[in-house]
Each structure stands twice: as structure tokens, then as C-alpha cells.
Amino acid sequence: MVEIWKPTAIEVAQATDKLLPDLIETGLKALFVGTNPGLYSAAVGHHFARPGNRFWPALSRAGITERLYSPFEDHLLLKQGGGLTNIVSRASKRADDLSKAELYEGAEILTKKVLQFQPQKVVFLGITSYRSAFQEKQATLGLQERTLGKAEVWVLPNPSGLNAHYQLPALGKIFAQMWR
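Here the structure is a predicted model, which is why all the values come from computation and not from measurement. (Residues numbered from 1 in each chain as written. Predicted model: local features only at pLDDT ≥ 70, side-chain atom pairs only at ≥ 80, totals over all residues. Heavy atoms only, no water.)

Caption draft 1: Fine view of the pairing of strand S3 (residues 121-125). With five of five residues buried, S3 is to be regarded as a mostly interior element. Across the two faces of S3 the burial is the same, with Lys121, Val123 and Leu125 and Val122 and Phe124 all buried. Relative to S3, strand S1 (residues 30-34) is paired through four bridges, and the arrangement is parallel. For Phe32, the partnering residue across the bridge sits in S3 and is Val123. The sheet contact formed by S3 and strand S5 (residues 151-156) spans five bridges and is parallel. When the bridges of S5 are listed, Val122 appears paired with Val153. (Buried < 20%, exposed > 50% of the residue type's maximum accessible area, 1.4 Å probe, protein only. Helix = DSSP H or I, 4+ residues; strand = E, 2+ residues; numbered from the N terminus. Pairing = 2+ DSSP bridges.)

This is the structure:
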């Protein structure tokens, strides 16, 4: 049985600036990159943990995972060839709480991680943060012309439940396209 822990509102609020460790190893098929951890995820210590986030359902629909994983099983993604990190490591209530300087510095740190761990693909989950951090104002969703080291760069929609532009079936489809 998967351990599931629901933090209190106070525990979530206290997660501001907390760090969420990367799940990364050499030679991954894809390194998934969020903007930064949300407070809920930082409070429970697992990636994309807020109820309503569609990251894990999108992976399942895309066939990247053999079943729907709980955020508390995020470590299992490594066995499927996927890793998890963020542009900015510190947790915040909202991604727009991050400064441009933090995003630029995060892009530099992420680039060093990519060069060290050499994933085949770097997959940004959210176009706005990718455009800001890498100063790619004209970037669109999908495969980018830019690479990071030898890794392909993909930009996919943010899987947050707040992103109404992409519903789960469309997310599953674009995740599957990237994974192929």
C-alpha cells in the first residue's frame, strides 16, 4: 500500500522556500522539468503531489507508466526512464513569485545538471517559465530547435489543474508524442 499523507494548511504554508530533491540519474530517456515546487508538493516531499495536478494521469494516459502512479511513488518513474527536477528548486505559493534572476540562475543550474546526467530529452512542463528562464520569447509547444548538450528540448503544457487550455486527453496525447 502506498503511503499517502495529507498536510495541514499550516504545514503547507510552512513549506515556503523548502527544497524538493531531484529524482535524476545518468542516461534517462526524459528529464521532466517543472517551474518550481508548489507548497503542497514541498510539504509532502513528492513531485506534482497537489490533488488535481494532471502530471501523473498524463504519464499514465501516454503509456509512459504502466499504471497511474501516486505522487508518493514518484521514485518509480526512474525505472521507466524518467526523472524529475525544477528550474528553480525552492517552493513557493505561485510560480509568479519567482524573480527573473531566479529563473535565469535556475536555467544555468539546470543546464549543468543536463550536461552531467545526459538525458536524451529535457521536457519543460510549462511554456511561460521556459520562455522566461531561457529567454526564448518565441518558443511554442513541442520539440524545440535548441538543445541542452546533446538532449532534445521539449516544451509541454503545464499539467496543473488550473491550466484549462489543455484537458487530460490532450495532455496524454502530447506526452505520448514526446515519449516516442
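Further notes follow.
Caption draft 2: The arrangement of the packing of aromatic side chains in detail. The tally for this structure, following the rule as stated, stands at 10 aromatic pairs. Their ring planes at 80° and their centres at 5.4 Å tell us that Phe32 and Phe55 sit as a pair that is edge-to-face. Here Phe32, found in strand S1, pairs with Phe55, found in helix H3 (residues 55-62); they are 23 residues apart in sequence, far enough to count as distant. Residue class for Phe32 comes out buried when judged on its relative accessible area of 0%. Phe55 gets classed as buried once you look at its relative accessible area, which sits at 0%. Taking 4.8 Å as the distance between ring centres and 50° as the angle between the ring planes, the aromatic pair formed by Phe124 and Tyr130 counts as tilted. The class of Tyr130 is buried, set by a relative accessible area of 1%. Through a chain of ring-to-ring contacts, three or more aromatic side chains come together here, namely Phe32, Phe48, Phe55, Trp56, Tyr69, Phe175 and Trp179. (Phe/Tyr/Trp six-rings, centres within 6.5 Å; stacked < 30°, edge-to-face > 60°.)

Caption draft 3: Quick look at the pattern of salt bridges. Tallied over the full model, the rule gives four salt bridges. Its salt-bridge partner being Arg67, residue Glu73 comes within 2.8 Å of it at the nearest N-O pair. Its relative accessible area of 9% is what places Glu73 among the buried residues. A salt bridge links Glu136 to Arg146; the shortest N-O distance between them is 3.1 Å. Residue Glu136 is found in the loop between helix H5 (127-133) and strand S4 (142-148), and its partner Arg146 is found in strand S4; the two are separated by 10 residues along the sequence. Assessed through its relative accessible area of 29%, Arg146 is described here as partly exposed. (Salt bridge = Lys/Arg side-chain N within 4 Å of Asp/Glu carboxyl O.)

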